[in-house]
Amino acid sequence: MQPLAELNRDAAPAPRGMIEVSGLNHAYATRQGPVQALENVALTVGQGRFTVIVGPSGCGKSSLLMMLAGLRAASAGQILCAGRPITAPDPDRVGVVFQEANLFPWLTALDNVAFPLTLRRAPKAERQARARAMLELVGLGDAATRYPHELSGGMKQRVSIARGLVQDPPVLLLDEPFAALDEQTRMAMGEELLRIWAATRKTVVFVTHSLTEAVYLADEVLVMSARPGRIIDRMPVPLPRPRSYEMMASAEFGRLRDRIWQQIKAPAR
Ligand SMILES: Nc1ncnc2c1ncn2[C@@H]1O[C@H](COP(=O)(O)OP(=O)(O)OP(=O)(O)O)[C@@H](O)[C@H]1O
């Protein structure tokens, strides 16, 4: 007879992803009729994994991220985060960072980071301690009392990342967070994000147009088709970590980037 432990192991559910999306469809209502943005999107992101989403312009990447964040409802389908549906923004489970840092100009860096805790009416000492720790984490411990206009573009995005992490959510979503930055700052921010990710072990979903950024950052790249967006490839990135600038010149890196490019380049006319 099979021992009880064996039976239990067989009966245990398969390990679930931190994020599980199934049958996601979305059509926007426009004056010209419905615009099908997403078609039957399904994906799983394992706990602590760094997943990057790429795809042609207008394929629905931002729409998908907004839905994962609970900021937009899909026409159909299900999104589970940590085993429970996402139906509205839930900063305890999901932090979000957008292309624009969207900081309040009248608040210091510290108070911007603390703002979500203020909304929750957390005690002031706790808010400040937590926000200070997050600023330290993103390398801005010395800039706590500065206002947004006194910060560079890269520093503002660091504040935005710190704010996304301040409630310690298991998931961090980033929608082209470095797109507005110059190339040098963008590279540095990519490295910085990997350092933060390694320190916190968050589950990360990152949208970008940059194929180099995608391969450099990801454990796995999800490639979307042109609209209506579908997932057409799940490409693991077997490059070792920590990633380095030199890896970008390797044949393996080039092969991975080319695999994405071949799938998203516009068809020749
Ligand atoms: N509020 C809206 N109303 C109507 N159509 C919309 C709306 N938001 C997005 N769309 C359309 O849905 C499609 C997907 O848009 P979305 O912004 O999600 O794509 P994307 O892949 O993030 O684009 P990009 O790469 O250019 O940032 C596009 O065709 C867009 O025009």
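Residues numbered from 1 in each chain as written. Predicted model: local features only at pLDDT ≥ 70, side-chain atom pairs only at ≥ 80, totals over all residues.

**Some words on the site of the ligand**
At step 1: Within the structure, the ligand sits among 13 residues, and Tyr28, Ser57, Lys61, Ser62 and Ser63 are positioned closest to it.
At step 2: Here the shell around the ligand gets three residues from one element, more than from any other, and that element is helix 2 (residues 61-68).
At step 3: Of the residues in the shell around the ligand, the class split is four nonpolar, seven polar and two charged. (Near = placed C-beta within 6 Å. Helix = DSSP H or I, 4+ residues; strand = E, 2+ residues; numbered from the N terminus. Nonpolar A, V, L, I, M, F, W, Y, C, P; charged D, E, K, R; others polar.)

**A word on the packing of helix 3 (residues 109-119) against helix 5 (residues 153-165)**
At step 1: Viewed as axis vectors pointing N to C, helix 3 and helix 5 meet at an angle of 30°, and their least axial separation amounts to 7 Å. As judged from the angle between their axes, helix 3 and helix 5 are roughly parallel. For the crossing formed where helix 3 meets helix 5, the hand is right-handed. For the pair helix 3 and helix 5, the contacting residues are Ala109, Asn112, Val113, Phe115 and Pro116 in the first and Val159, Ala162 and Arg163 in the second.
At step 2: Looking at the contact of helix 3 with helix 5 residue by residue, the classes come out as six nonpolar, one polar and one charged. (Axes fitted to C-alpha atoms, helices over the stretch in contact; angles between N-to-C directions. Parallel < 35°, antiparallel > 145°, perpendicular 65-115°, else oblique. Left-handed = near helix turned anticlockwise from the far one by under 90°. Contact = placed C-beta atoms within 7 Å.)

**Considering the pairing of strand 1 (residues 19-30)**
At step 1: Bridge analysis of strand 1 against strand 2 (residues 33-45) gives nine bridges, and the strand direction is antiparallel. Note that in strand 2 the partner of Thr30 across the bridge is Gly33. (Pairing = 2+ DSSP bridges.)

**Observations concerning the UniProt feature "domain: ABC transporter" (unreviewed entry) in the chain**
At step 1: With numbering matched to this structure, UniProt assigns "domain: ABC transporter" (unreviewed entry) to residues 19-251.
At step 2: Across residues 19-251 one finds 31% helix and 27% strand; the C-alpha atoms that close the span lie 32 Å apart. (UniProt positions renumbered as here; feature names shortened; annotations may be inferred.)

**Thoughts on the sheet that holds strand 4 (residues 76-81)**
At step 1: Here we have four strands laid out as an open sheet, ordered 2-1-4-5, and antiparallel in their pairing. Only two strands of the sheet have a single neighbouring strand rather than two, namely strand 2 and strand 5 (84-85).
At step 2: Both strand 1 and strand 4 contribute to a ladder of five bridges, which runs antiparallel. In the sheet register, Val21 faces strand 4, and the bridge partner there is Ile79.
At step 3: Sheet contacts for helix 2: strand 1, strand 2 and strand 4; angle to strand 2, the most-contacted strand, approximately 60°.

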